[in-house]
Amino acid sequence: MSETEIAIIGAGPAGLSAGIAAAESGAKVCLIDRNLEAGGQLFKQIHKFFGSSKHFAGERGFLIGRKLLESCNKLAVEIHLQSYVGGIFPEGKIMMVTPHGTEIIQAQKIILATGAIEKSLAFPGSTLPGVMGAGAAQTLCNIQGVQPGKEVLMVGSGNVGLIVTYQLLQAGVNVVGIVELASEIKGYGVHSAKIRRLGIPIYTQHTILEAKGNKKVEKAVIGKIDQNQKIILNSLKEFYVDTICLAIGLNPLAELAWMCGCHFDYKPALGSHIPWHNPYMETNIKNIYVAGDVAGIGEATIAMEEGKLAGLAAATSLGYYNHAFLEKQRSNIENDLKNLRR
Amino acid sequence: MKRQYVDVIIIGGGVIGTSIAYYLVKEGVKVTLIEKEDIASGTSGACDGNLMLLSKSPGHHFQLARESLKLFPSLIKDLDVNVGYRKNGCLMLLETKEQWDLSQKNIKQQQEAGLNVKLMDDKQTRNTEPFLTSDIYGSCHTQENGHINPIMLTLGLYQKSRQQGADILLHEPVKEILYKKGQVLGVRTACQEIYAKYIVNATGVYANEIGKMTEIDIPVLPKRGQVLVTESIPPFINNSIICGCYLKAKHHLCDKKDINDPIVSLGRGLSLEQTIEGNLLIGSTREYVNFDTRTTYEGMTAIAQHACQLFPKLKEVKMIRSFSGLRPATIDGLPIIGHIKTLKGMLLAVGHEGDGIILAPITGKLIAELICGKKLSFNIQPFSLERFKDASGKLK
Amino acid sequence: MDKGYLKTGAPTLEELQMLPGYPTRNRMEKGPVAVIECMQNIPCNPCEASCPTRAIVIGEDLSRRPILNEKKCIGCGKCIAACPGLAIFIVNLNYSETEALIQFPYELLPLPLENQVVDAVNREGVIITKGKVKRVDIKPSYHHTPIISLLIPKEYAEEVRGIARRKENGS
C-alpha cells in the first residue's frame, strides 16, 4: 500500500491540468491512467483548438498534450500508466490494477478525471466489423498510424464527426458522406465548410438504415426521413464502404463516482447523468472531486480549466494554498469557463 | 390532505411486497402498495438469482422454500416479462474432511425431507464441474434448483399487480402508521392519508423502522452481502455453486465471535452462479454494518481469493462490477410471516435474509390467504414474531 | 434544394456578405484583404491576436464574431494560419487585369507545386475553373498549416476557396 495526498484518476487534459495545479503547490500528487501513454484524447487531436489566445488557442491538441506532460515531468508528478482503477473504497482507498498486480493507494483527496466513452447505435449490421466509433477511427489514424478503412461513411455531424472526417481525409481515407438525423448540422459551420470544400456531402435529415456485407462492412444504406421521423422509402441510397464511423455523442465515464455514492443529476445537454459538484469541483462526497468530461461533456479546453480548478481546490483544502488565492483563481476560471461554454 | 380507503396497504416494493400485491389482487382485494423509492431499488435489486433448496436447513425453512419453488413455473407463465427463469442443478462443494463428515448427516436429513440429493466424491464432482480445483473433497448435488433474474421478477410482479388493479405509489415514504386501541387504521405519507383494515409490513431491512411507528420491535437486522460480477464468458459452471461453509456462515454469524472474524464474515459464504448472459455472479460476504451499502476492498478480495482457490481459471476472468445489498436477517435465519398479535390488522412479511427471491411466491400466497381468511397452504406458526419473545412478551 | 451552411455545411455568398468579417467588393479591388468566413459565435480569438494592424477585433467576449476593419487590413495573411477553423482567406482583385490572387490554408498531402495548374473548387467542393499555383508557403509560425496562393480568373474570386483533393501520384 502506498500513500499520496492527491490521487487523480485519468491523465487526460483534465487530469494533467489538475496534477500540475496541485503539484505546483508542493502537494504530493499521483496520476493513474489505464493507457500506454498519458494525455488522454489530446494526442490524437491534430487540429488546432479554438479558445482564447490567453490559453492554448490555435495550438494543435497533441502539442498541448506535450506541454502538459512536460510540466508534469518537471514537477515530478508520479504517473502510473497501464493501470486502471478497479474501485474506490471507503476512506480514500483506491484499488489500482497494474500490469504487475493489484496495488492499494491511500489518498486524502481524489480527483475523478475519467473522461467519456463514445455512444453506440444499433441498426441492422451494426455488429459487423468495420462499424466503429469515430474516436476509434481517429485513434487508428492519428495514434497507431493505420487507416481504419479506404471508404468511410460518417454518422453524425457534431464537431467530432466533422473533425474526424477532415482528419480521415488528411490520412488519405475517402469519406463518402456524413449522415445527420437532424435538419441542421450540429457542429460548427467552419468545420463543415472546410470538409464541404473538399467535396464531402452532408446529408441532413438522413439516417443510417443498414450495414450490409459478408462478415465485414461492404455497403451502407441510408435514407431520408420526413418531419414525423419516418423513412421516405424511395429516398434510400447505397454506398460502397468498408467502414462506418459513429459520431453520435459521448457518455461520461462516471462509474467510479457512482461507486463513491456521488449524487447525480440528469443533464441531457452535458451528456447524461452527471455527478453534482460545488463551485470547487467537489462532489457531495467529501474529498471526491470531478473534472473534465465526467463532470459534463465539453471541449478539451473546458476540461483543462476544470482540472486546474479541481487541483487548486484539493491542494487548498490540504493547506497548500490559502483561500484568498483559490477564490481569485476560481473567479478567473469561472469567467473563462463561462466564455468557453457558450 | 388527500384521503383514500382501500382494503390492504402493503409497505415495500421489493419482491416480497409485489408478490403479496400480486396474490391479493388475484383474490379481488383492493390494494395500495407504497414504496419509498422505486420498485426493486433495495435488496431485491442487489442480490443473486439463485432459487436454492440445498442451502436450506432441513425442517420448516426447507419445506417452505420447496413449496415456493413449486409455485414458480405457473407464476412465471402468468407474468408478461421475461424473468430469465431456468432450472439447473446445485452443487455444494465440500472442501475439508470436516465438511465432508458434517454433510453426511445433513444429507440424510435432506433426503428424509424429500430432497433428491446425492453425495459425490472428488472425481464425480470434477466430472460435473471440469474447471474445479483438484483440491476438493467432494460435493452434494441436487437437480432441484433454479435460477431467475430477481429484478425482472420483481418488475414482472409489479406490472401484473398494477394491470389487475393494484394502486402502486412510488417515491412516497410512509411517515406514520395510524392506529388506535390495538387496531390499525391506515398510514400517512407526505401528501395523503390512506385507510385500510390491514397493513402489511414488507419492508425487508427497514422492518424495524416501520415497527417503531407502532412501538413494536421487529428483530430484523441489515446484513451486507457484497457480490462480484465478471465479464460475460462462455458456460463456465454447470450448476449453481455454493461452498460447504455457506451454511455455517449463514446460520452462525450471529455468534459474537464469528462477527469479529474477518474470514468468517467476509469470504466464507461463497456462492457462484452464471447468468443467461454469461456473467458470473460471485458472492457473498455477510457483514453487519448497518445500512452501509458500499463495497470494500477487503470483502471483494476475500470473495475473489476464495473463488479463485476453487476455480483457478477464474484468475483469467475480468471482474467488471461489484455491488452490495442488505439482507434482512433474523437471529434464527427464518423469515417472519403472519399477524402481529398485539396490533390487529398489522401483518409482517419480512426477514427473508438471502431467501427473499425463492420465498416470495409462497410469502405472497400465505399473506393473501391470511387476509382473505382462507385455509393456509402452509403452517406459519414457526415464522411468527412470537418466537422471539419470552414469557413476558419481551424480545429475547 | 436546401441552402445555407446549417443545411448543407457550406455557407452561401449571401450568408457571408452579412458577416462583420466580410469585406466590401470595393476593398477587394483595391488590393489584398482578409475575408473572414466565420459564421457563428465560437469562443475563439487567435485571429485577433495574430493581426499586426489590429484590423480584426473580437474584444472581451470571446464568442463574438470577428469584425474586420477593412481600412486597417493590409492583407498580410498572418490570420490565415492562426484561424483554427481554417475560415480566413485573402482575396486580391487588384492583382492583374484578368486574374485574382487568393490565399487559403490547405492541410492535405500531396501539396501542389509552384506554377502547377490545378483544379480550383468552390465552397461546395465543385471544380469551377483552373488555377495556377503561385506560391506554397510553409512557415514555422503557421504551425504546419501550408498556405497556398492561387491565381484564378477574376470572376471566380468570391467563389473559389480551395483546390480539389489530389491523389498521391499527381493531380
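Residues numbered from 1 in each chain as written. Chains lettered and ligands numbered in written order. Predicted model: local features only at pLDDT ≥ 70, side-chain atom pairs only at ≥ 80, totals over all residues. Heavy atoms only, no water.

Student: How would you summarise the overall build of chain B if you had to cite specific residues and measurements?
Tutor: Looking only at helices and strands, chain B has 11 helices and 19 strands in total. Relative to a compact globule of 396 residues, whose C-alpha radius of gyration would be 21 Å, chain B shows 21 Å and is just as compact. The principal-axis extent of the C-alpha atoms belonging to chain B is close to 65 × 45 × 40 Å. Taking the intrachain contacts of chain B between residues at least 6 apart in sequence as the baseline, contacts between residues at least 24 apart amount to 75%. Of the roughly 16,800 Å² of accessible surface on chain B, a fraction of 51% belongs to carbon and sulfur atoms. Charge centroids of chain B, computed over 48 positive and 41 negative side chains, lie 4 Å from each other. (Helix = DSSP H or I, 4+ residues; strand = E, 2+ residues; numbered from the N terminus. Rg over C-alpha atoms; globule rule 2.2 N^0.38 Å. Contact = heavy atoms within 4.5 Å. Areas by Shrake-Rupley, 256 points an atom, 1.4 Å probe, with all protein chains shown as cover. Lys, Arg positive; Asp, Glu negative; His and termini not counted. Charge placed at Lys NZ, Arg CZ, Asp CG, Glu CD.)

Student: Before we move on, could you go through the side chain of Gln-329 of chain A and cite the residues and values that matter?
Tutor: Tracing the sequence through the fold places Gln-329 of chain A in helix H8 (residues 323-340). Excluding residues that lie within four positions of it along the chain, Gln-329 of chain A makes contacts with Lys-308 and Leu-312 of chain A.

Student: Tell me about the side chain of Glu-306 of chain A, and please be specific about residues and values.
Tutor: Mapped onto the secondary structure, Glu-306 of chain A falls in helix H7 (residues 300-317). With sequence-adjacent residues up to four places away left out, Glu-306 of chain A is seen in contact with Met-281, Ala-291, Gly-292, Ala-295, Leu-337 and Arg-341 of chain A.

Student: Go over the interface of chain A and chain C with me, naming the residues and quoting the values.
Tutor: How large an interface is tends to be reported as the accessible area lost when its parts come together. Listed as interface residues are 33 residues of chain A and, on the opposing side, 43 residues of chain C. Taking both sides of the interface into account, the surface hidden between chain A and chain C amounts to around 3,200 Å²; carbon and sulfur atoms contribute 51%. By the criterion of area lost to chain C, the three top residues of chain A are Lys-48, Arg-196 and Arg-197 of chain A, representing 23% of everything that side buries. At the junction of chain A and chain C, the tally comes to 1 salt bridge. Arg-60 of chain A is the salt-bridge partner of Glu-107 of chain C, the closest N and O atoms lying 3.0 Å from each other. For the interface between chain A and chain C, the tally reads 22 residue pairs in polar contact (both at pLDDT 80 or more). Where the side of chain A that touches chain C is concerned, the elements lending two or more residues are helix H4 (159-170), helix H5 (189-197), strand E11 (202-204) and H8 of chain A. Top element by residues in the side of chain A that touches chain C is H5 of chain A. It accounts for 7 residues. Here the residues of the side of chain A that touches chain C sort into 13 nonpolar, 13 polar and 7 charged. (Buried area = accessible area lost by both parts, 1.4 Å probe. Salt bridge = Lys/Arg side-chain N within 4 Å of Asp/Glu carboxyl O. Polar contact = N/O pair within 3.5 Å; in protein donor to acceptor, adjacent residues only side chain to side chain. Nonpolar A, V, L, I, M, F, W, Y, C, P; charged D, E, K, R; others polar.)

Student: Report on a nonpolar patch on the surface, specifying residues and quantitative values.
Tutor: Taken together, Ile-231, Leu-233 and Leu-236 of chain A make up a surface patch of nonpolar side chains, about 310 Å² in accessible area. On the basis of relative accessibility, which here comes to 70%, the residue Leu-233 of chain A falls in the exposed class. (Patch = residues over 30% accessible without salt bridge, like charges linked within 9 Å, V, L, I, M, F, W, Y side chains within 5 Å. Buried < 20%, exposed > 50% of the residue type's maximum accessible area, 1.4 Å probe, protein only.)

Student: If you had to explain the arrangement of the chains to someone new, which residues and values would you point to?
Tutor: Across the 2 pairs of chains in contact, the largest number of contacts is found between chains A and C. No part of chain B reaches chain C; the closest C-alpha pair between them is 39 Å apart.

Student: Got a sec to walk through the packing of helix H1 (residues 15-26) of chain B against helix H2 (residues 60-78) of chain B? Specific residues and values, please.
Tutor: All names here are of chain B. At their nearest, the axes of H1 and H2 sit 13 Å apart, and the two run at 75° to each other. The angle between the axes of H1 and H2 places the two elements in the roughly perpendicular class. In this structure, H1 uses Tyr-22, Tyr-23 and Lys-26 to contact H2, whose residues at the interface are Leu-71, Leu-75 and Asp-78. In the contact of H1 with H2, the residues fall into 4 nonpolar, no polar and 2 charged. (Axes fitted to C-alpha atoms, helices over the stretch in contact; angles between N-to-C directions. Parallel < 35°, antiparallel > 145°, perpendicular 65-115°, else oblique.)

Student: Outline the sheet that holds strand E14 (residues 237-240) of chain A, listing residues and values.
Tutor: Within a sheet, neighbouring strands are paired by backbone hydrogen bonds and run either parallel or antiparallel to one another. All names here are of chain A. Pairing is antiparallel across the open sheet formed by 3 strands, whose spatial order is E12-E13-E14. Sheet topology places strand E12 (206-212) and E14 at the edges, where each strand pairs with a single neighbour. Along the sheet, successive strands turn relative to each other by an average axial angle of 25°, direction set aside. For E12 and strand E13 (residues 219-224), the ladder comprises 6 bridges, and the chain directions are antiparallel. (Pairing = 2+ DSSP bridges.)

Student: Which residues make up the interface of chain A and chain B, and what values go with them?
Tutor: At the interface, 7 residues of chain A touch 7 residues of chain B. Counting the surface lost from both chain A and chain B, the interface buries some 690 Å², and carbon and sulfur atoms represent 67% of this. Considering only the surface of chain A that becomes buried against chain B, Phe-89, Pro-90 and Met-259 of chain A emerge as the three largest contributors, covering 54% of it. Glu-298 of chain B is the partner of Lys-93 of chain A in a salt bridge, and the nearest nitrogen-oxygen pair spans 2.6 Å. Counting residues per element, the ones that place at least two in the side of chain A that touches chain B are strand E5 (93-98) and strand E6 (101-112) of chain A. Looking at the side of chain A that touches chain B, its residues break down into 5 nonpolar, 1 polar and 1 charged.

Student: So what's going on with the packing of aromatic side chains? Which residues, and what values?
Tutor: Each aromatic ring pair is summarised here by two numbers: the centre-to-centre distance and the angle between the ring planes. This structure, assessed with the given rule, holds 13 aromatic pairs over all chains. Ring geometry for Trp-258 of chain A and Phe-264 of chain A: centres 3.7 Å apart, planes at 5°, overall stacked. Pairing Phe-72 of chain B with Tyr-85 of chain B gives two aromatic rings, centres 6.2 Å apart and planes at 5°, and the pair type is stacked. Of this pair, Phe-72 of chain B sits in helix H2 while Tyr-85 of chain B sits in the loop between H2 and strand E5 (86-94), and the two are 13 residues apart along the sequence. Taking the relative accessible area as the measure of exposure, Tyr-85 of chain B reaches 23% and is therefore partly exposed. A connected cluster of aromatic rings, assembled from ring pairs, spans Phe-131, Phe-236 and Phe-311 of chain B. Over the aromatic face of Tyr-166 of chain A sits the side chain of Lys-194 of chain A, whose NZ or CZ is 4.4 Å from the ring centroid. Above the plane of the ring of Tyr-206 of chain B lies Lys-36 of chain B, whose end atom (NZ or CZ) is 4.1 Å from the centre. (Phe/Tyr/Trp six-rings, centres within 6.5 Å; stacked < 30°, edge-to-face > 60°. Lys NZ or Arg CZ within 6 Å of the ring centre and 35° of its normal.)

Student: Quick rundown of the confidence of the model for chain B? Include the residues and the values.
Tutor: In regions of low pLDDT, the predicted coordinates are not meant to be interpreted in detail. Averaged over every residue, the pLDDT of chain B is 91; residues scoring 70 or more account for 94%. The model gives residues 250-257 of chain B a pLDDT under 50, and that stretch makes 20 contacts with residues more than four places away or in other chains. (pLDDT = per-residue confidence, 0-100.)

Student: Run through the sheet that holds strand E3 (residues 31-34) of chain B, naming residues and quoting values.
Tutor: All names here are of chain B. Reading across the sheet, the 6 strands line up as E8-E3-E2-E12-E19-E18 and stay open at both edges, with mixed pairing between neighbours. The two strands at the open ends of the sheet, each matched to only one other strand, are strand E8 (167-169) and strand E18 (336-339). When strand polarity is set aside, the average angle formed by the axes of neighbouring strands in this sheet is 15°. One ladder, built from 3 bridges, connects E3 with E8; its direction is parallel. Note on E8: the bridge partner recorded for Thr-32 is Asp-167.

Student: Provide a residue-level description of unusual backbone geometry, including the pertinent values.
Tutor: In this structure, the amide linkage connecting Gly-283 of chain B to the following residue, Ser-284 of chain B, adopts the cis form with an omega of -10°. Within the fold, Ser-284 of chain B resides in the loop between strand E16 (279-283) and helix H10 (297-310). Between Leu-109 of chain C and the following residue, Pro-110 of chain C, the backbone shows a cis peptide bond with an omega angle of -5°. With respect to the helices, strands and loops of the structure, Pro-110 of chain C is situated in the loop between strand E5 (99-105) and strand E6 (117-121). Backbone geometry places Asn-287 of chain A, a non-glycine residue, at a positive phi of 75°. Among the structural elements, Asn-287 of chain A can be located in the loop between strand E18 (272-275) and strand E19 (288-290). The class of Asn-287 of chain A is partly exposed, set by a relative accessible area of 24%.

Student: Let's hear about the pairing of E5 of chain A: which residues, and what values?
Tutor: Residues and elements named next belong to chain A. Of all 6 residues in E5, 6 are buried, a share of seventy percent or more. Every second residue of E5 is oriented toward a common face, with Lys-93, Met-95 and Val-97 on one face and Ile-94, Met-96 and Thr-98 on the other, all of them buried. By the bridge criterion, 5 bridges tie strand E4 (residues 84-89) to E5 in an arrangement that is antiparallel. Bridged to Ile-88 within E5 is Ile-94. Once E4 ends, the chain turns through 3 residues before running back antiparallel as E5, passing Glu-91 with a positive phi of about 65°. Sheet topology note: the E5/E6 ladder contains 6 bridges and is antiparallel. Directly across from Met-95, in E6, lies its bridge partner Ile-104.

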